[in-house]
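Structural overview for review
Residue strings, one per chain:
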Amino acid sequence: MASEGSIGLAQSAAVKLSEMGERTKHLGNAIQDPDRQRRIILIIVCVALLLDNMLYMVIVPIIPDYLVSLEQEAEHAQAVLHMNNSNSTAHIGKENFDVEIGVLFASKAILQLLVNPFTGTFIDRVGYDIPLLIGLTIMFLSTCIFAFAENYGTLFAARSLQGLGSAFADTSGIAMIADKYTEEAERSRALGIALAFISFGSLVAPPFGGILYEFAGKRVPFIVLACICLADGILCLTVLKPFSSSARENMPIGTPIYKLMIDPYIAVVAGALTTCNIPLAFLEPTIANWMEETMNSSQWEIGLTWLPAFFPHVLGVYLTVKLAGQYPHLQWFYGALGMVIIGASSCTVPACKTFGQLIWPLCGICFGIALVDTALLPTLAFLVDVRHVSVYGSVYAIADISYCVAYALGPIVAGQIVHNFGFIQLNLGMGLANVLYAPALLLLRNVCLMKPSHSERNMLLEEGATGLYDTIKMEERQNKGKILSSAGNCVSVDENGTFAQPRGYSEEETSGPEYI
């Protein structure tokens, strides 16, 4: 009887193992499905962007208070040893405190700004998956260092290390989305989802970090983020299999980043991305003090200042994606409209007298940023498709540089501007800069009429890996009936693979040098 029971248990275990094997096989087949794999890749990238922006903003309510406590402990210890020098030491520490905080907050963007030109080139050479894994690994280490750091130097190292990880993860993640979603409407939708995660991470992080810091201590918020980062890295390693991927074998050599930087259309987009993010980057380090001085705002009001702006940001992303699907030739207009909204909202911030009034212009700023980002990020990929080689690492490194310029200057420069000129002048200047830059986007109004560059057409005729890669990319576009421009009246690929004349335009109207 015992042996029969053992046999029955063994058979049951074998059946369960067989069922598990079948489920694993089905899961593996499901992951290999192109559409499902694209969705999983989008999830991996969105989580990486969420983590990066949460780590960027979670320190806002934590680090200043933590540094104050460290400084007080140091002053107390020094006072015990040197009673006569305690007052002068405290005064010097108070003077340097604001500078230390500004440098700490800006160090991430500064290092990211310096490293991005090299990471963009690296991504173009090795593909998108390995740099994404490298970025997640560095971000995990940075988060762990944040959790256990007990002095300013270690915090500075953790913040700078995060900038290095962001330069890999952010750029490769956005570039991967642009590469996987080749059809313009799908690409805009996928990038819009990624932007929504960026917004959510930036705006929810301060209350998330403040609450956990208050009730659980400094380490807990960073440990939670480190665990999520580790899980995302494991998913990246499992699904993308970066070290066994054969996609890199057929990747062409992308256009060098310096050539992309001098492309006038890409330069206009990069300038718009920098200008539209200046109000947010400059207000984040200055608005808390202004609210305390002018509104007598409580700490919970200051902590929740930006949280309501998440909803208009998501609304802006949604509206831009919908409008781009119906009127894709107006992408430049959506960006220009967003910059005007940002400018008007920035100018009205100093006029607010209560917390309730302040919410509206801040929502307007985030709504405008959503319009600009959602309209122009897909435009960068399209410009690379029609004017250069369809490899996106360097062009999104330029986009990341554009963001970093604003966020590197913000914590260091904004306070000095407020001190020398005033908070009102700061906002009026930022608003005026956005309104004046908006007409520059008129230069992009004919982007949808551009034809693919001669260099890319020639590459399609070449033998070897480079030609094969672009041929595969072109077949994907043909199979999906991809419109190569952003408008219904733009250049398209017909069933024979030739570039058709834009509907509604004569050959003479689209044969000028600006369309080549």
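Above this text you will find the structure in question.
Below is a short write-up of the structure.

Cut-off values and rules
- Residues numbered from 1 in each chain as written.
- Predicted model: local features only at pLDDT ≥ 70, side-chain atom pairs only at ≥ 80, totals over all residues.
- Heavy atoms only, no water.
- Core = buried A, V, L, I, M, F, W, Y, C linked by side-chain atoms within 4.5 Å.
- Buried < 20%, exposed > 50% of the residue type's maximum accessible area, 1.4 Å probe, protein only.
- Helix = DSSP H or I, 4+ residues; strand = E, 2+ residues; numbered from the N terminus.
- Contact = heavy atoms within 4.5 Å.
- Axes fitted to C-alpha atoms, helices over the stretch in contact; angles between N-to-C directions.
- Left-handed = near helix turned anticlockwise from the far one by under 90°.
- Polar contact = N/O pair within 3.5 Å; in protein donor to acceptor, adjacent residues only side chain to side chain.
- Salt bridge = Lys/Arg side-chain N within 4 Å of Asp/Glu carboxyl O.
- Nonpolar A, V, L, I, M, F, W, Y, C, P; charged D, E, K, R; others polar.
- Disulfide = S-S within 2.5 Å.

Considering the nonpolar core
If you look at the biggest cluster of nonpolar residues, it comprises 129 residues, and the most contacted ones within it are Leu132 and Tyr396. Counting residues per element, this core draws most heavily on helix α15 (residues 355-387), at 18 residues. Residues in contact with Tyr396, not counting those within four places in the same chain, are Thr171, Ile174, Ala175, Ala178, Leu191, Leu377, Pro378, Leu380 and Ala381.

Looking at the packing of helix α10 (residues 264-283) against helix α16 (residues 393-420)
Taken N-terminus to C-terminus, the directions of α10 and α16 make an angle of 35°; their axes are 8 Å apart at the nearest point. Between α10 and α16 lies a crossing of right-handed hand.

Observations concerning the environment of Tyr128
If you trace the backbone, Tyr128 turns up in the loop between α4 (86-126) and α5 (129-148). Judged by its relative accessible area of 6%, Tyr128 is buried. Not counting residues up to four positions away in its chain, the partners in contact with Tyr128 are Ile123, Ser172, Ala175, Met176, Asp179, Met251, Val391, Tyr392 and Gly393. Within the structure, the side chain of Tyr128 is placed 3.2 Å from the backbone nitrogen of Tyr392, a separation counted as a polar contact.

Considerations on the pattern of salt bridges
One pass over the full model with this rule turns up six salt bridges. Residue Glu184 pairs with Arg187 through a salt bridge whose shortest N-O separation is 3.4 Å. Residue Glu184 and its partner Arg187 are both found in helix α7 (residues 184-216); the two are separated by three residues, about one turn of the helix. Looking at Arg187, the relative accessible area reads 0%, which means it is buried. The salt bridge partner of Arg387 is Asp263, with a shortest N-O separation of 2.8 Å. Here Asp263 lies in the loop between α9 (257-261) and α10 and Arg387 lies in helix α15, a separation of 124 residues in the sequence. Residue classification places Arg387 among the partly exposed positions, given a relative accessible area of 21%. A relative accessible area of 4% means that Asp263 is categorised as buried.

Topic: the packing of α15 against α16
Where α15 meets α16, the closest approach of the two axes is 9 Å, and the angle between their N-to-C directions is 145°. As α15 runs across α16, the sense of the crossing is right-handed. Contacts between α15 and α16 pair Asp373, Leu377, Pro378, Leu380, Ala381 and Val384 from the former with Val395, Tyr396, Ala399 and Tyr403 from the latter. Looking at the contact of α15 with α16 residue by residue, the classes come out as nine nonpolar, no polar and one charged.

Digging into the environment of Thr182
Within the secondary structure layout, Thr182 lies in the loop between α6 (152-180) and α7. Each C-alpha atom of the pair Thr182 and Asp385 lies 9.7 Å from the other, and the pair is 203 residues apart in sequence.

Details of the state of the cysteines
Think of a disulfide as a covalent bridge from one cysteine sulfur atom to another cysteine sulfur atom. For the structure on display, the rule yields zero disulfides. Cys144 supplies the cysteine sulfur nearest to Cys229, a cysteine that is in no disulfide, at a spacing of 8.4 Å.

A short note on the side chain of Asn434
Relative to the helices and strands, Asn434 resides in helix α17 (residues 423-437). Overall, Asn434 belongs to the buried group, its relative accessible area being 1%. A polar side-chain atom of Asn434 sits 3.0 Å from the main-chain carbonyl oxygen of Met430. Apart from the residues lying within four places of it in its own chain, the contact partners of Asn434 are Thr275, Cys276, Pro279, Met339, Ile342 and Gly343.

Keep in mind that these numbers describe shape and distance, not what the molecule does.
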